[in-house]
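As a plain string of letters, each chain reads:
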Amino acid sequence: MEHNITLIPGDGIGPEVISAAVKVIENSGVCINWEIVRMGAEVIEEFNTPIPSYVLESIKKNKVALKGPVTTPVGMGFKSVNVTLRQELNLYANIRPIKTFQGVTSRYENVDLIIVRENSEDLYAGIEHMITEDIAESIKIISKKASDRIVEYAFKIAKEQNRKQVIAVHKANIMKLSDGLFLRCARNIATMHSEIDFGDVIVDAMSMKLVMNPEKYDVLVMPNLYGDILSDMAAGLIGGLGLVPGANIGEEGAVFEPAHGSAPDIAGTNIANPTACILSAVMMLRYIGEAEAADKIEKAVEAVLKEGKYLTCDLGGTTGTQEFAEAVIDKMGK
Ligand code: ATP
């Protein structure tokens, strides 16, 4: 079966890590017809926006996209392209699996958790204004609909992956109305999934607990801003941003992208770690029903990291981005 998928190379290290991931997928036996679309700073002059309408049209048509990081140009009055994409396509769930790899030096062993971040509201709704010249106000939106939906999604993942526990992360002791509503929704949804343990932890305490004993946690679900912060922090627990994949899932489509940004400091030098992008592609393959190819790629990535012969700079090695992809392809054949 051939799949039509939108491919967004992005900017900075985006085109390099995307090209590595595409190469690996093409060697996995899955047949994909890529529709390549450009967005971000490089198209602003031509289209007067970093997200031309063809980007949304392509994703709406194909329902699935693999995306490299796209930087929002600073100081030109454009809203974050990533946030806009998520809002326009109603990609309400952001999923980041955080897992330690054998062969990668990190502070912990046996971390295997999933951060499920609400992707459509909270302070990211973008409602802010100046009250006076010296006072700014940002409005935090939390709705029952979005809270129910994201907690339900967290339990769905927990069930699909045979996980034992879901924890809702919040700050309801201070934001009694907004986070209070999120917590009430989470507790209510949890009663419908009594086979899975449920708990809730305040976000500051959760940060400490994650740094002390990350291996104790399974599925964490939270509003947008806490998810943004805790998922980058969690990446640090397992060896850095170059290892963490991500998915943005909605009712009508999904966009898969690495957790890292465009890393302009190392762009164009073939030293970026493509693991996060390759593993985002693995999540995408599972989403489109190509589980066998996904397993094959994931096992090959794990084997290359474990062997330690071909590691990129961020992991203490000297292997280039494309050479890492070649090493994964080589392992897939074995
Ligand atoms: P953004 O605002 O787009 O998220 P940022 O500069 O805040 O960008 P990243 O681009 O995600 O954050 O990365 C921060 C740093 O981490 C980079 O400058 C780079 O040195 C390192 N880094 C990120 N991704 C990778 C990768 N895939 N391989 C190696 N190093 C990386």
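Residues numbered from 1 in each chain as written. Predicted model: local features only at pLDDT ≥ 70, side-chain atom pairs only at ≥ 80, totals over all residues. Heavy atoms only, no water.

Trainee: Any chance you could explain the nonpolar core here in plain terms?
Mentor: Looking at soluble globular proteins, one finds that nonpolar side chains tend to be buried together. Leu66, Ile95, Leu220, Met284 and Leu285 are the most contacted members of the largest nonpolar core, which has 93 residues in total. With eight residues, the single largest contributor to this core is helix α9 (residues 275–287). Beyond its immediate sequence surroundings of up to four residues, Leu220 is in contact with Leu113, Ile114, Ile115, Val116, Ile167, Val169, Met206 and Leu210. If you look at the next biggest cluster of nonpolar residues, it comprises 14 residues, including Val37, Leu56, Leu85 and Leu91. (Core = buried A, V, L, I, M, F, W, Y, C linked by side-chain atoms within 4.5 Å. Buried < 20%, exposed > 50% of the residue type's maximum accessible area, 1.4 Å probe, protein only. Helix = DSSP H or I, 4+ residues; strand = E, 2+ residues; numbered from the N terminus. Contact = heavy atoms within 4.5 Å.)

Trainee: Looking at this structure, how should I read the packing of aromatic side chains?
Mentor: The geometry of an aromatic ring pair is captured by the separation of the ring centres together with the interplanar angle, meaning the angle of the planes. Tallied over the full model, the rule gives four aromatic pairs. For the pair Tyr92 and Tyr153, a centre-to-centre distance of 6.1 Å together with 90 degrees between the ring planes defines the contact as edge-to-face. Residue Tyr92 is located in the loop between α4 (81–88) and β4 (93–99), and its partner Tyr153 is located in helix α5 (residues 144–160); the two are separated by 61 residues in the primary sequence. Among the residues examined, Tyr92 registers a relative accessible area of 8% and is labelled buried. (Phe/Tyr/Trp six-rings, centres within 6.5 Å; stacked < 30°, edge-to-face > 60°.)

Trainee: So what exactly am I meant to see when it comes to helix α6 (residues 178–190) here?
Mentor: Side chains that are three or four residues apart share a direction in an α-helix, a result of its 3.6 residues per turn. Taking 1.5 Å as the rise per residue, α6 with 13 residues should run 18 Å; its terminal C-alpha atoms sit 19 Å apart, in good agreement. Of all 13 residues in α6, 10 are buried; the element is thus mostly enclosed. Ser178, Asp179, Gly180, Leu181, Phe182, Leu183, Cys185, Ala186, Ile189 and Ala190 are the residues of α6 that are buried. Looking at the buried residues of α6, the elements they touch are α5, β8 (165–170), β9 (197–202), β10 (219–222) and α8 (224–238). (Expected span 1.5 Å × (residues − 1).)

Trainee: Looking at this structure, I do not really get the side chain of His3. What am I missing?
Mentor: Checked against the element boundaries, His3 lands in strand β1 (residues 2–8). For His3, a relative accessible area of 7% puts it in the buried group. Engagement of the side chain of His3 in a polar contact is seen with the side chain of Glu290, the distance being 2.7 Å. If sequence neighbours within four positions are ignored, His3 has contacts with Val30, Cys31, Ile32, Asn33, Ile288 and Glu290. (Polar contact = N/O pair within 3.5 Å; in protein donor to acceptor, adjacent residues only side chain to side chain.)

Trainee: How should the sheet that holds β8 be read in this particular structure?
Mentor: What holds strands together in a sheet is hydrogen bonding between their backbones, with the strands either parallel or antiparallel. One open sheet holds the 10 strands; their spatial order is β2-β1-β3-β12-β11-β4-β5-β10-β8-β9, and the pairing between them is mixed. Two strands in the sheet have a free side with no partner beyond their single neighbour: β2 (31–36) and β9. Adjacent strand axes in the sheet meet at a mean angle of 25 degrees when their direction is disregarded. Looking at chain direction, strand β5 (residues 112–118) and β10 are connected through four bridges and run parallel. Counted as the bridge partner of Val116 is Val221 from β10. Lying on the sheet, helix α7 (residues 203–212) is in contact with β5, β8, β9 and β10; it crosses β9 at an angle near 105 degrees. (Pairing = 2+ DSSP bridges. Axes fitted to C-alpha atoms, helices over the stretch in contact; angles between N-to-C directions.)

Trainee: Can you walk me through the site of the ligand in this structure?
Mentor: Around the ligand sit Ile13, Leu241, Gly242, His260, Gly261, Ser262, Ala263, Asp265, Ile266, Ala272, Asn273 and Asp314, and those are all the residues in its vicinity. One of the backbone N or O atoms of Ser262 is found 3.4 Å from an oxygen atom in the ligand. Relative to its unbound accessible surface of 610 Å², the ligand loses 58% to contact with the protein. Classifying every residue of the shell around the ligand by side-chain character gives five nonpolar, five polar and two charged. (Near = heavy atom within 4 Å. Areas by Shrake-Rupley, 256 points an atom, 1.4 Å probe, with all protein chains shown as cover. Nonpolar A, V, L, I, M, F, W, Y, C, P; charged D, E, K, R; others polar.)

Trainee: What is the right way to look at a nonpolar patch on the surface in this model?
Mentor: Together, Ile127, Ile139 and Ile141 make up a nonpolar patch on the protein surface, roughly 200 Å² of accessible area in all. Structurally, Ile139 is set in the loop between β7 (135–138) and α5. Judged by its relative accessible area of 31%, Ile139 is partly exposed. (Patch = residues over 30% accessible without salt bridge, like charges linked within 9 Å, V, L, I, M, F, W, Y side chains within 5 Å. Salt bridge = Lys/Arg side-chain N within 4 Å of Asp/Glu carboxyl O.)

Trainee: I would appreciate a short explanation of unusual backbone geometry in the present structure.
Mentor: A negative phi angle characterises most non-glycine residues, just as the trans form characterises most peptide bonds. Residues other than glycine seldom take positive phi values, yet Asn90 does so here, at roughly 55 degrees. Relative to the helices and strands, Asn90 is located in the loop between α4 and β4. Overall, Asn90 belongs to the partly exposed group, its relative accessible area being 33%. Backbone geometry places Asn110, a non-glycine residue, at a positive phi of 60 degrees. Its location among the elements puts Asn110 in the loop between β4 and β5.

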